[in-house]
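Here's the letter readout for the chains.
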Amino acid sequence: MRHLARDSAVRRDLPNLLSLRAFECAARHMSFTLAADELCVTQSAVSRHIRNLEVHYGARLFNRLTREVELTKAGLRLFRTVEHAFDAIESTSRELAPRAVKRSLVVSILPTLASTWLMPRLAKFTQSHQNIEVRLHTSIEPVSFERDGIDVAIRVGKPPAQRRRKGAPRIDLVMTAEWKGVGFDRLFADVLVPVCHPALLKERSQMSAAALKRLPKIHTDSRAHAWEDWFATQGVDYQAGARDLHFGHFFMSVRAALDGRGVALVPDVVVQDHLASGDLVVTSTARIVSAGEYYLLYRKERADESAIAAFREWIGGESASIAAAQ
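The following refers to the structure shown. (Residues numbered from 1 in each chain as written. Predicted model: local features only at pLDDT ≥ 70, side-chain atom pairs only at ≥ 80, totals over all residues. Heavy atoms only, no water.)

When you tally the buried positions in strand β9 (residues 263-267), you get five out of five residues, the bulk of the element. Note that strand β6 (residues 182-196) and β9 share four bridges and pair antiparallel. Considered in β9, the bridge of valine 193 is made with valine 266. (Buried < 20%, exposed > 50% of the residue type's maximum accessible area, 1.4 Å probe, protein only. Helix = DSSP H or I, 4+ residues; strand = E, 2+ residues; numbered from the N terminus. Pairing = 2+ DSSP bridges.)

This is how it looks when you write it as structure tokens:
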């Protein structure tokens, strides 16, 4: 077989590849401890690999501070090179993997949206794409594809350069802190609806904003201004009352509403099943579109990889019916 490009007599001058892997992991996490957890080795093993590299290059790669580490100039230069090389190897490996080999797809998604909307539908995707193993990572934090090992993410907010609709309820969540190289597909709008147990409405089918103001409100911490902004769209001043309840996530607020503890203001997409069953009812005809929308985020350079492309196409179809109804 003809040798390609490189003289076979020339020996590559490379450091230990296991040491390079440990270095890349430690630099990505900025932590020897987290690198050890990911690689399933001890922290001392990671430290030893990095010391071996520093001896090989004759240069310090990390500054060891009291409670953290930071890359030196030499370390940063090596990390950028190794990261690029590993990305290239990973990409080629995905392309060469036999169809029978399962490929993992890590999806980061908002907790309540995962349990109420995505998970009930996910079986349809896995049945039609049996070579793709979907792993869900629930979080409301800004997405970091490199730090968290995420393939795609679903978040709510506004991409860069898109203006917030005037008077629309605010969204305090940040989709990602770094938009460079990130692509996005719009899924559907974020429509806020006030919902409660039917018993709270008594004989009424709907309730005015002024009447609604007198009932206990259920707040969700990730949307701290939702009720205030919703009432403002109805021309009503509002401040949280002593009887109001506060929860960390929408699924907690929905549970409290199901228990008859007050009125929750939540995205319509997370209560569709409860409204269809009659377990919850909408207290007002005002369906207010917030300042953000739901998006699927991914790295542009990986947008056409088979697993990511398949998930983008599938979730776009699943979202179309919701978007059309809104």
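Moving on, we get to the pattern of salt bridges. Between side chains of opposite charge, pairing is possible as soon as their charged atoms come close. Per the stated rule, a full pass over the model turns up 16 salt bridges. Here glutamate 318 ties to lysine 124 by a salt bridge, and the two come within 3.1 Å at their closest N and O atoms. Remark: lysine 124 occurs in helix α5 (residues 111-128) and glutamate 318 occurs in helix α12 (residues 306-325); sequence separation between them is 194 residues. You can call glutamate 318 buried: its relative accessible area is 16%. In this structure, the salt-bridge partner of arginine 312 is aspartate 185, at a minimum N-O distance of 2.8 Å. Residue arginine 312 is found in helix α12, and its partner aspartate 185 is found in strand β6; the two are separated by 127 residues along the sequence. Residue arginine 312 is classed as partly exposed on the basis of its relative accessible area of 23%. Via salt bridges that share partners, Arg121, Lys124 and Glu318 belong to a single interconnected network. (Salt bridge = Lys/Arg side-chain N within 4 Å of Asp/Glu carboxyl O.)

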